[in-house]
Amino acid sequence: MKNLVLLLSFLILTQSCVSYDTVSYQNLPYQGLKTIKVKKVDETSIKGQLISADETAVVLENNGLIQTILKNEISSVKVRSFSEQKASIILAAIAYGIVIGVILILPPFPALG
């Protein structure tokens, strides 16, 4: 049970290292390399892998479904990115917590002499 709690904590912490950065329509990433989130003018969002983008529309694949979104329906486009800085801070905090935990658990050293 303790291992399950630690695993879930680790997964939640590493999930916070992923965020979405706004990009312009002209600077969309190469097809299929990144997950993008398209926010439409009617405030709905669609996530998926970029299949193609041209002057008129964006084509995404999400769970095997192909969706075409016209350029005039798009409010914003965000690209999923991984923050190495957040990940290193979280790993340092975990290591610090482990060291402090070990120090608190260990019995004090007997006096010499």
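Residues numbered from 1 in each chain as written. Predicted model: local features only at pLDDT ≥ 70, side-chain atom pairs only at ≥ 80, totals over all residues. Heavy atoms only, no water.

K.L.:
Where do I start with the sheet that holds strand 1 (residues 18–23) in this structure?
P.N.:
In sheet architecture, strand pairing relies on hydrogen bonds along the backbone and comes in two forms, parallel and antiparallel. Ordered by their spatial adjacency, six strands build an open sheet running 1-6-2-3-4-5, and the pairing between neighbours is antiparallel. Each edge of the open sheet is held by one strand with a lone partner, namely strand 1 and strand 5 (65–70). The average undirected angle you get between the axes of adjacent strands in this sheet is 45°. (Pairing = 2+ DSSP bridges. Helix = DSSP H or I, 4+ residues; strand = E, 2+ residues; numbered from the N terminus. Axes fitted to C-alpha atoms, helices over the stretch in contact; angles between N-to-C directions.)

K.L.:
Mind showing me how you'd approach the confidence of the model for the chain here?
P.N.:
Caution is warranted with low-pLDDT regions, since their predicted coordinates should not be read in detail. On average, residues of the chain carry a pLDDT of 77, and 80% of them reach 70 or more. For the chain, per-element mean pLDDT is lowest for helix 1 (residues 2–15), which scores 70, and highest for strand 5, which scores 90. (pLDDT = per-residue confidence, 0-100.)

K.L.:
How should I be thinking about a nonpolar patch on the surface in this particular structure?
P.N.:
On the surface, Tyr96, Val99, Ile100, Ile103 and Leu104 cluster together to form a nonpolar patch covering roughly 540 Å² of accessible area. Tracing the backbone through its elements, the reader meets Ile100 in helix 2 (residues 84–105). With relative accessibility at 33%, the residue Ile100 sits in the partly exposed group. (Patch = residues over 30% accessible without salt bridge, like charges linked within 9 Å, V, L, I, M, F, W, Y side chains within 5 Å. Areas by Shrake-Rupley, 256 points an atom, 1.4 Å probe, with all protein chains shown as cover. Salt bridge = Lys/Arg side-chain N within 4 Å of Asp/Glu carboxyl O. Buried < 20%, exposed > 50% of the residue type's maximum accessible area, 1.4 Å probe, protein only.)

K.L.:
Explain unusual backbone geometry to me, please; I cannot follow it from the model alone.
P.N.:
Note: most residues except glycine have negative phi, and most peptide bonds are trans. Even without glycine at this site, Glu43 takes up a positive phi of about 70°. By relative accessible area, which is 54% here, Glu43 ends up exposed.

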